[in-house]
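# Structural features, examined
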Amino acid sequence: MPPVFAHGRLRLYLLKLLDEAPRHGYEVIRLLEERFQGLYAPSAGTVYPRLAKLEAEGLVTFATEGGRKVYSITEAGRAELADRSGELADLELEIRDSVTELAAEIRNDVRGAAGDLRREMRAAASASATQVEDESWKAAKEELRRARQEWKEQARRAKDESRRAREEAQQARRQAKEAQERAREEVQRIAVQLQEQFARSGGVLGSLAGAWLGGGAAPSASSAGPAAAEAEADAAADAGWAEDLVPSGDPARDLDRLLDRFRDEVRDAARDHGVSAAQVAEARAGLAAAAARLRSTLRAG
């Protein structure tokens with residue numbers, strides 16, 4: 001069997017897969033098997049050492065989630081990927097050729113096995129040409145017929161499974177993208193409502209909501225003083241709040257990242273500006289309303 005990846009090509013393809021989305025090692029192995037339509041799957045001993053080497057070279061980084069390392073490409077990795085874009089295009093063609101060659105080898109192996117069986121049957125027939133065809137010879141011919149039928153059925157099932165796997169993968173990607181868009185729209189809508197509620201309550205949280213949640217109306221400088229004017233300016237600057245978070249393809253994970261961003265920014269503001277007991281009480285009331293709204297939205301989803 002010819003090598004699936006030439007020297008250094010698997011390293012390049014790992015960067016491409018991580019550029020699509022952050023992934024852990026098992027996902028990388030599964031995606032490679034899917035790209036080769038089940039005809040080739042690299043071992044963990046092939047993939048994990050290369051991921052570790054890419055990490056050591058600063059081309060990828062990782063974060064531990066659920067006890068597993070989730071690898072992400074770095075800016076240096078993207079730069080190398082851009083520099084080798086022509087080589088990557090050639091690699092995509094090579095992968096398609098490799099799939100074709102692997103499938104051809106499997107077909108040749110099947111044909112070779114069938115040919116060997118036919119030769120054995122002819123040899124047996126020649127040795128017994130002087131004898132009357134008996135039930136054992138008929139059984140042998142029937143076995144050959146069943147073997148041929150089974151090979152054809154296996155080939156058909158393999159083709160159907162490959163087609164279904166491609167269709168399911170495409171559908172899953174579409175559904176993930178749609179779910180991600182719906183989740184983002186819902187979070188933005190809830191953020192606007194939360195900001196409006198904070199704005200109606202006035203005070204420090206009303207000012208902070210305009211800066212961190214984005215969208216909606218913020219208290220004016222004339223009605224809420226210098227703090228509100230500063231929050232209004234921050235709100236205008238942060239109209240694209242959290243858009244720097246690259247979607248991972250997992251809506252639940254994306255929502256966790258948005259909530260982490262909101263929490264961190266509120267903590268930073270409290271640390272920088274201080275917080276009073278009255279402001280804590282106001283924060284509790286506003287966050288309770290936001291939590292109830294989010295729970296209702298997620299249950300409906």
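It should be emphasised that the depicted structure is a prediction, and the values quoted were computed from it without experimental measurement. (Residues numbered from 1 in each chain as written. Predicted model: local features only at pLDDT ≥ 70, side-chain atom pairs only at ≥ 80, totals over all residues. Heavy atoms only, no water.)

Attention now goes to the nonpolar core. The biggest cluster of nonpolar side chains holds 24 residues, and the ones touching the most others in it are Tyr13, Leu14, Leu15, Leu32 and Val47. For this core, the leading source of residues is helix 1 (residues 9-20), giving seven residues. Excluding anything up to four places from it in sequence, valine 47 contacts Leu14, Val28, Ile29, Leu32 and Pro42. Formed by seven residues, the second largest nonpolar core is a distinct cluster that contains Trp241, Ala242, Leu245 and Leu258. (Core = buried A, V, L, I, M, F, W, Y, C linked by side-chain atoms within 4.5 Å. Buried < 20%, exposed > 50% of the residue type's maximum accessible area, 1.4 Å probe, protein only. Helix = DSSP H or I, 4+ residues; strand = E, 2+ residues; numbered from the N terminus. Contact = heavy atoms within 4.5 Å.)

Summarising the sheet, strand 2 (residues 60-65) and strand 3 (residues 68-73) pair through six bridges and their orientation is antiparallel. Looking at strand 3, one finds that valine 60 is bridged to isoleucine 73. If you look at the hairpin formed by strand 2 and strand 3, you'll find two residues sitting between the two strands, and glycine 66 has a positive phi there, around 60 degrees. (Pairing = 2+ DSSP bridges.)

A word on the sheet that holds strand 2. Taken together, the three strands give an open sheet; going across it, the order is 1-3-2, and neighbouring strands pair in antiparallel fashion. At either margin of the open sheet sits one strand with a lone partner, and together these are strand 1 (23-24) and strand 2. Looking at chain direction, strand 1 and strand 3 are connected through two bridges and run antiparallel. Residue arginine 23 lies in a different strand from strand 3, and its bridge partner there is tyrosine 71. Relative to the sheet, helix 1 contacts strand 1, strand 2 and strand 3, its axis offset from that of strand 3 by approximately 95 degrees. (Axes fitted to C-alpha atoms, helices over the stretch in contact; angles between N-to-C directions.)

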